[in-house]
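Structural description and commentary
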Amino acid sequence: MAEVRGHFHRSTSPGGVQGVNERIGDVVRYHRRSICDECEHELNYSYRGREGAGLIFVNKNFKTDGYEQPVTRVGAEKDMERLKDIYKKYNICYEDKTKGVENFHMDVETKYQLMEKVQTFAKSVSKDCPAIFVSISTHGGEQGKLKMPDGYALTVDEMVSPFVSEELIGIPKVFIFQACRGDKADLAYGDSDGDEEQDPPRYATLRSDIILIYSTYEGYKAFRGGKEEDGSWFIQVLHTCVMGQAYRNLHLVEILTVCSSLIIDHCHKAPEKDKNIPK
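It should be emphasised that the depicted structure is a prediction, and the values quoted were computed from it without experimental measurement. (Residues numbered from 1 in each chain as written. Predicted model: local features only at pLDDT ≥ 70, side-chain atom pairs only at ≥ 80, totals over all residues. Heavy atoms only, no water.)

Looking now at the overall build of the chain. Each helix and strand counted, the chain has six helices and 13 strands in total. Evaluated residue by residue, the chain yields a buried proportion of 32% over its 279 residues. Taking contacts inside the chain between residues at least 6 apart in sequence as the whole, the part at least 24 apart equals 67%. (Helix = DSSP H or I, 4+ residues; strand = E, 2+ residues; numbered from the N terminus. Buried < 20%, exposed > 50% of the residue type's maximum accessible area, 1.4 Å probe, protein only. Contact = heavy atoms within 4.5 Å.)

This is the structure in structure tokens:
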């Protein structure tokens, strides 16, 4: 599952269905230009010479994880090496040797220590930073719990919250979570009948073909339009995008990105009295 959030794009188009269609056209052109540039040319992650800001946590040794003996995550060092490689590919800086700053950490023992580092890092990011990457590789559990070496856990929301601020609006933020989310195994299945050389088998897990689309983030409201009979904002915008002409060559993920941009635009412009909360 991937959550897609669009860039905020403000338009001076008039209201109503015609206005929505015009705004869709504007947003589509904006996103398609970026997407086509990436598809047709060699990928460029330099952000025009600017570096993004990166933070990495990898936990290997656990004093307790529900077991009597300490637990070791074998191969954790490889996760650190590969995350660093990914950051370098996207021109994300995870250390400043001139200042003696290292934003990659192995075995931060406590939740308090980790959150202190997260908050310090978030406050250090400048407004002109082109991108933020935050990664954690650790043991996990249900309900988004990220386990720490001392046996305590933090949540995904706790990791993300320090970056939800007015100072960092407009900066793309990528969060990578390598952790279990329960005890079940999502196994791969495939059809191996026939000649594998001529027709190689295709494999998929039971959930690899599922996309979950939410109208809002967990813990937040989803609004209806100014008139209750108009229905919800999200379904209205999704319907307009799918049924209109401006989207016709877009992938579903691109359509969702456009929807996000239009909903943000609508939230910005709509008066408070026109926001109704669905029951």
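So, on to the side chain of serine 135. Inspection of the secondary structure puts serine 135 in strand S8 (residues 132-137). Not counting chain neighbours up to four residues away, the residues in contact with serine 135 comprise Leu55, Ile56, Phe57, Leu83, Tyr87 and Ile176.

Before going further, it helps to spend a moment on the side chain of threonine 138. Mapping threonine 138 onto the fold places it in the loop between S8 and strand S9 (145-147). Note on threonine 138: relative accessible area 3%, which makes it buried. A distance of 3.2 Å separates polar atoms of two side chains, one belonging to threonine 138 and the other to asparagine 59. Here the side chain of threonine 138 touches lysine 147 through a polar contact of 2.6 Å, landing on its backbone oxygen. Residues within four places of threonine 138 in sequence aside, it is in contact with Asn59, Phe62, Arg73, Leu146, Lys147, Gln178 and Ala179. (Polar contact = N/O pair within 3.5 Å; in protein donor to acceptor, adjacent residues only side chain to side chain.)

In this section: the nonpolar core. Within the largest apolar cluster, 22 residues are counted, with the highest numbers of intra-cluster contacts made by Phe57, Leu114, Phe121, Val125, Ile132, Met159 and Phe163. Elements supplying a minimum of two residues to this core: strand S1 (52-58), helix H3 (111-124) and S8. Take this core: its biggest share by element is five residues, from H3. When neighbours within four sequence positions are excluded, methionine 159 is seen to be in contact with Phe57, Leu114, Val118, Val134, Ile136, Leu146, Leu154, Phe175 and Phe177. (Core = buried A, V, L, I, M, F, W, Y, C linked by side-chain atoms within 4.5 Å.)

If you walk through the whole model with that rule in mind, you get four salt bridges. Between lysine 78 and glutamate 81 there is a salt bridge; the shortest N-O distance is 4.0 Å. In this pair, lysine 78 and glutamate 81 both sit in helix H2 (residues 76-89), three residues apart, roughly one turn of the helix. Linking glutamate 158 and lysine 111 is a salt bridge whose minimum nitrogen-to-oxygen distance equals 3.0 Å. Placement of glutamate 158 in helix H4 (residues 156-160) and of lysine 111 in helix H3 is noted, with a sequence separation of 47 residues between them. On the accessibility criterion, glutamate 158 (27% relative accessible area) is partly exposed. (Salt bridge = Lys/Arg side-chain N within 4 Å of Asp/Glu carboxyl O.)

Turning next to unusual backbone geometry. At asparagine 91, a position not held by glycine, the phi torsion is positive, near 60°. Mapped onto the elements of the fold, asparagine 91 is located in the loop between H2 and strand S4 (92-93). Positioned with a positive phi, aspartate 107 is a non-glycine residue whose angle comes to about 60°. Within the secondary structure, aspartate 107 is located in the loop between strand S7 (104-106) and H3. Classification of aspartate 107 by relative accessible area gives partly exposed; the value is 21%.

In this model H3 runs 20 Å from its N-terminal to its C-terminal C-alpha over 14 residues, within 8% of the 20 Å that 1.5 Å per residue would give. The complete set of buried residues in H3 reads Leu114, Met115, Val118, Phe121 and Ala122. The arc that holds every buried residue of H3, seen down its axis, measures 125°, which confines them to one face. What points out from H3, more than 90 degrees from its buried face, is the exposed set Tyr112, Thr120, Lys123 and Ser124. Residues of H3 that are buried sit in contact with S1, S8, strand S10 (153-155) and H4. (Expected span 1.5 Å × (residues − 1). Arc of directions from axis to C-beta.)

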